[in-house]
Amino acid sequence: MRYLSTRASAASSASSKSFCEILLGGLAPDGGLYLPETTPRLTRAELDAWRTLSYPDLAFAVLSKFIDDIPADDLKAITARTYTAETYAYVRDGGDASEVTPLRWLEPGLALLELSNGPTLAFKDMAMQLLGALFEYVLEKRGEEINILGATSGDTGSAAEYAMRGKRGVRVFMLSPHGRMSDFQRAQMYSLQDENIVNIAVRGNFDEAQDIVKAVSGDADFKARYRIGAVNSINWARVAAQVIYYFKGYFAATKSNDEKVSFAVPSGNFGNICAGHIARLMGLPIDTLVLATNENDVLDEFFRTGVYRPRSAAETHTTSSPSMDISKASNFERFIYELVGRDPAVVRALWAEVDAGRGFDLSQTPYFQRIAEFGFVSGSSTHADRLATIRKTWEQYGVMVDTHTADGLKVAAAHRQAGVPMLVLETAQPVKFEATIVEALGCTPPRPAALQGIEQLPQRVTVLDVDVAAVKALIVEQLG
Ligand SMILES: Cc1ncc(COP(=O)(O)O)c(C=O)c1O
Ligand SMILES: N[C@@H](CCOP(=O)(O)O)C(=O)O
């Protein structure tokens with residue numbers, strides 16, 4: 001399997017890369033995102049054979065479609081030690097941790113696909129635990145070290161830090177938006193005292209932090225000299241690992257591969273739903289991908305109108321589903337690449353507009369005429385919707401959901417179809433957003449024993465302005 005950048009010129013497409021070559025680096029040198037040269041398409045026999053696999057074996061089967069430069073035995077050992085019941089243990093009453101992503105039916109035709117039972121209680125653990133193992137494997141083989149630079153709106157950061165803490169040859173520099181995460185999310189990250197974890201809060205929002213990551217990665221000399229790597233979903237391995245649970249959820253919800261399901265996906269940076277889109281291209285029988293945003297509705301606007309209009313920092317709302325406070329979705333470029341017929345010249349032209357602080361309008365183009373082929377619908381949710389959905393889900397089903405999952409449930413309700421199960425991706429646990437749960441239900445959410453009182457632990461973080469040079473200087477200083 002070879003990988004190409006969404007912006008590859010004719011010259012660079014001659015130098016496609018292998019999985020391990022793109023694993024550590026994130027963005028392509030031309031600023032684009034890597035995608036497989038061709039999306040693997042499953043045969044019916046393969047899909048049938050995958051139906052009964054355990055999570056680690058399914059992970060091995062899916063990843064083998066994308067990775068051909070790690071020996072099969074090694075990859076199998078990696079998925080076996082990553083996807084264990086012990087790692088994904090925070091499953092609710094009645095759930096089976098050995099399923100890793102258990103399906104919880106709320107009523108006939110509506111289920112939650114639980115993705116937040118890992119160590120940091122958000123779906124990011126699903127891919128990040130694998131990345132930690134893959135990084136360790138590849139770095140050891142090459143005798144190299146890496147300095148990860150990432151940006152988080154609240155969940156990627158802790159998932160990456162928990163996956164990488166204490167790992168030899170790996171240091172994490174994580175940018176977070178100062179004062180915009182929940183107390184619990186802040187405590188999860190800033191209370192880590194490991195020497196290889198460096199938290200940096202920037203006086204800005206997630207998009208500005210992500211722009212700094214891209215600017216640093218775009219400086220080829222700096223990137224090479226300081227061995228800068230990526231763990232955000234700009235890294236293809238993150239998306240590939242997220243493809244697995246769409247298959248798992250589908251098999252759990254159906255009895256045969258003749259059936260279809262829909263998935264509702266709380267969305268911000270477009271990484272999670274991009275994995276669903278890849279699963280669909282591979283041949284998973286997905287009817288509809290329901291994209292749900294909060295008040296930051298850039299993606300919803302695109303799927304309704306064909307206009308992609310990233311918002312400025314001033315126009316980006318701080319909401320009660322803060323991990324989705326994103327107005328410039330980096331992974332969206334992967335989808336647009338498919339929509340425009342995999343034409344990198346068109347992608348380059350469109351992202352020249354985005355990078356210049358504008359957007360683009362595809363509404364009158366042949367590209368947007370074919371949007372229905374991709375099976376997306378969308379909607380958005382407000383704080384009041386979130387409260388109402390959390391209350392309704394609690395009262396009607398006795399299930400407590402977090403604010404992001406509530407956004408997914410709210411939008412899913414408008415797109416249910418008779419005979420097609422709707423699987424809503426549960427992306428975080430309620431304890432991460434305690435204040436809103438208390439506002440909605442008047443009681444505090446349960447929390448795992450290991451995370452009792454983390455808000456009271458001493459915290460370690462450096463606060464910086466939104467300034468690429470200042471971030472680079474801090475990295476250089478830390479690396480001595
Ligand atoms: C809890 C939670 N839900 C949903 C999302 C949105 O996912 P994505 O950015 O992959 O669209 C995020 C952040 O990414 C998140 O942390
Ligand atoms: N919501 C994310 C934002 C970063 O997304 P990623 O999937 O690109 O890492 C977060 O919680 O940090």
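Cut-offs applied
Residues numbered from 1 in each chain as written. Chains lettered and ligands numbered in written order. Predicted model: local features only at pLDDT ≥ 70, side-chain atom pairs only at ≥ 80, totals over all residues. Heavy atoms only, no water. Phe/Tyr/Trp six-rings, centres within 6.5 Å; stacked < 30°, edge-to-face > 60°. Helix = DSSP H or I, 4+ residues; strand = E, 2+ residues; numbered from the N terminus. Buried < 20%, exposed > 50% of the residue type's maximum accessible area, 1.4 Å probe, protein only. Lys NZ or Arg CZ within 6 Å of the ring centre and 35° of its normal. Core = buried A, V, L, I, M, F, W, Y, C linked by side-chain atoms within 4.5 Å. Contact = heavy atoms within 4.5 Å. Near = heavy atom within 4 Å. Polar contact = N/O pair within 3.5 Å; in protein donor to acceptor, adjacent residues only side chain to side chain. Areas by Shrake-Rupley, 256 points an atom, 1.4 Å probe, with all protein chains shown as cover. 1 Å grid on protein atoms, 1.4 Å probe; cavity = no way out; pocket = protein on both sides within 12 Å on 5 of 7 lines; lining within 4 Å. Sits in = over half its atoms within 2 Å of the grid points. UniProt positions renumbered as here; feature names shortened; annotations may be inferred. pLDDT = per-residue confidence, 0-100. Pairing = 2+ DSSP bridges. Right-handed = clockwise from strand over helix to strand, strands pointing away. Points joined across faces, edges and corners; volume = space filled by probe spheres on them. Nonpolar A, V, L, I, M, F, W, Y, C, P; charged D, E, K, R; others polar.

Caption draft 1: Focus on the packing of aromatic side chains. Per the stated rule, a full pass over the model turns up 29 aromatic pairs. Where Tyr3 meets Trp236, the ring centres are 6.0 Å apart and the plane angle is 50°; that geometry is what we call tilted. Placement of the pair is Tyr3 in strand S1 (residues 3–5) and Trp236 in helix H11 (residues 236–253), with a sequence separation of 233 residues. On the basis of relative accessibility, which here comes to 0%, the residue Tyr3 falls in the buried class. A ring pair is formed by Tyr83 and Tyr88, whose centres lie 6.0 Å apart and whose planes are at 25°; its orientation type is stacked. With respect to class, Tyr83 is no different from Tyr88; both count as buried. Ring pairs connect the aromatic residues Phe270, Phe302, Phe303, Tyr308, Phe332, Phe335, Trp351, Phe360, Phe368, Phe374 and Phe376, which therefore count as one cluster. Between the NZ or CZ atom of Arg165 and the centre of the ring of Tyr162, over which it lies, the distance is 5.4 Å. We note Lys472 situated over the ring of Phe222; from NZ or CZ to the ring centre the distance is 5.3 Å.

Caption draft 2: Region of the structure containing the nonpolar core. Core analysis: the biggest nonpolar cluster contains 110 residues, and Phe247, Phe263, Phe270, Phe302, Phe332, Phe335 and Ile336 have the highest contact counts within it. With 13 residues, the top contributor of residues to this core is H11. If we skip the residues at most four places from it in the chain, Phe247 touches Leu42, Leu47, Trp50, Leu58, Val62, Ala279, Met282 and Leu284.

Caption draft 3: Quick peek at the site of ligand 2. Neighbouring ligand 2 are 13 residues; Thr152, Ser153, Asp155, Thr156 and Ser233 lie closest to it. Note that an oxygen atom of ligand 2 is positioned 3.5 Å from one of the backbone N or O atoms of Gly154. Contact with the protein chains removes 95% of the 340 Å² of surface that ligand 2 exposes when unbound. Because more than half of its atoms lie within 2 Å of the grid, ligand 2 is assigned to the largest cavity.

Caption draft 4: A look at the UniProt feature "domain: Tryptophan synthase beta chain-like PALP" (unreviewed entry) in the chain. If you check UniProt for "domain: Tryptophan synthase beta chain-like PALP" (unreviewed entry), the listed places come out as residues 112–326 in our numbering. Its end C-alpha atoms 23 Å apart, residues 112–326 is made of 43% helix and 19% strand.

Caption draft 5: A look at the confidence of the model for the chain. Chain-level statistics for the chain give a pLDDT mean of 96 and a share of 99% at 70 or above. Taken over the whole predicted complex, pTM reads 0.97, whereas the ipTM for its chain interfaces reads 0.99.

Caption draft 6: Examining the pairing of strand S7 (residues 197–202) more closely. Here S7 lies mainly inside the structure; six of its six residues are buried. With burial as the criterion, each face of S7 is covered, one bearing Ile197, Asn199 and Ala201 and the other bearing Val198, Ile200 and Val202. Relative to S7, strand S6 (residues 170–177) is paired through six bridges, and the arrangement is parallel. Note on S7: the bridge partner recorded for Leu175 is Ile200. Handedness of the S6-helix H8 (residues 183–190)-S7 crossover: right-handed. Taken together, the three bridges between S7 and strand S15 (residues 462–464) define a ladder with parallel strand orientation. Bridge pairing in S15 places Val202 opposite Leu464.

Caption draft 7: Seen up close, unusual backbone geometry. Phi is positive for Arg227, close to 45°, though the residue is something other than glycine. For Arg227, the location among the structural elements is in the loop between helix H10 (220–225) and strand S8 (228–229). Residue Arg227 is classed as partly exposed on the basis of its relative accessible area of 39%. With a phi close to 55°, Arg342 is a non-glycine residue in the positive phi region. If you trace the backbone, Arg342 turns up in the loop between helix H14 (332–339) and helix H15 (344–355).

Caption draft 8: Highlighting empty space enclosed by the protein. On inspection of all chains with the given rule, the structure shows three cavities of 30 Å³ or more. Together, 27 residues line the largest cavity, and Phe123, Lys124, Gly268, Asn269 and Ser323 are the ones closest to its centre. Taken together, the elements giving at least two residues each to the lining of the largest cavity come down to H11 and helix H12 (271–282). With three residues, the top contributor of residues to the lining of the largest cavity is H12. Of the residues contributing to the lining of the largest cavity, the split by class is nine nonpolar, 15 polar and three charged. As a volume, the second largest cavity reaches approximately 70 Å³. Along the walls of the second largest cavity sit Ser153, Pro177, Arg180, Asn205, Phe206, Thr316, His317, Thr318, Pro322 and Asp325, which together make up its complete lining.

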